[in-house]
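Read off the chains here:
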Amino acid sequence: MRYRATLAYDGTHYQGFQRQAVGIPTIQATVEAAISAVTQQSVVITGAGRTDTGVHATGQVIAFDVAWRHDDADLLRAINARLPDDIVL
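Residues numbered from 1 in each chain as written. Predicted model: local features only at pLDDT ≥ 70, side-chain atom pairs only at ≥ 80, totals over all residues. Heavy atoms only, no water.

J.: Pulling in residues and values, what's your account of the overall build of the protein chain?
T.: Counting its regular elements, the protein chain contains 2 helices and 4 strands. Since a compact globule built from 89 residues should have a radius of gyration of about 12 Å, the 12 Å found for the protein chain is in line with a globular shape. Principal-axis analysis of the C-alpha atoms gives the protein chain an extent of 35 × 25 × 20 Å. Taking all 89 residues of the protein chain together, 35% fall into the buried category. Sequence-distant contacts, at least 24 apart, represent 61% of the contacts inside the protein chain between residues at least 6 apart. For the protein chain, the exposed surface amounts to about 5300 Å²; the carbon and sulfur share of it is 50%. Mean positive and mean negative side-chain charge positions of the protein chain (7 and 9 charges, respectively) differ by 7 Å. (Helix = DSSP H or I, 4+ residues; strand = E, 2+ residues; numbered from the N terminus. Rg over C-alpha atoms; globule rule 2.2 N^0.38 Å. Buried < 20%, exposed > 50% of the residue type's maximum accessible area, 1.4 Å probe, protein only. Contact = heavy atoms within 4.5 Å. Areas by Shrake-Rupley, 256 points an atom, 1.4 Å probe, with all protein chains shown as cover. Lys, Arg positive; Asp, Glu negative; His and termini not counted. Charge placed at Lys NZ, Arg CZ, Asp CG, Glu CD.)

This is the structure:
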């Protein structure tokens, strides 16, 4: 199922939104890791735009596909529990 979520973050500690080489902290890689940890599925998120190094965002829309059998609110809570304090769905 495809999910749409609204993302907000403090980009101070990230090298922008878009995933880069392994070991470079980005918003996309961090969110994908959190969703994968919760769902036990490989996930690629699609962002409606991207930001540069150190840039903050509110209201950025992302989409991702996962199979989830529980309530959507449970998925949101579980992902947020896995995200660092400077990123929230």
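J.: Break down the pairing of strand β1 (residues 2–9) for me, citing the residues and quoting the values.
T.: Only one face of β1 is buried: it carries Y3, A5, L7 and Y9, and the other face, with R2, R4, T6 and A8, is open. In this structure, β1 lies alongside strand β3 (residues 57–65), joined through 7 bridges in antiparallel fashion. Bridge assignment links R2 to a residue of β3, and that residue is D65. (Pairing = 2+ DSSP bridges.)

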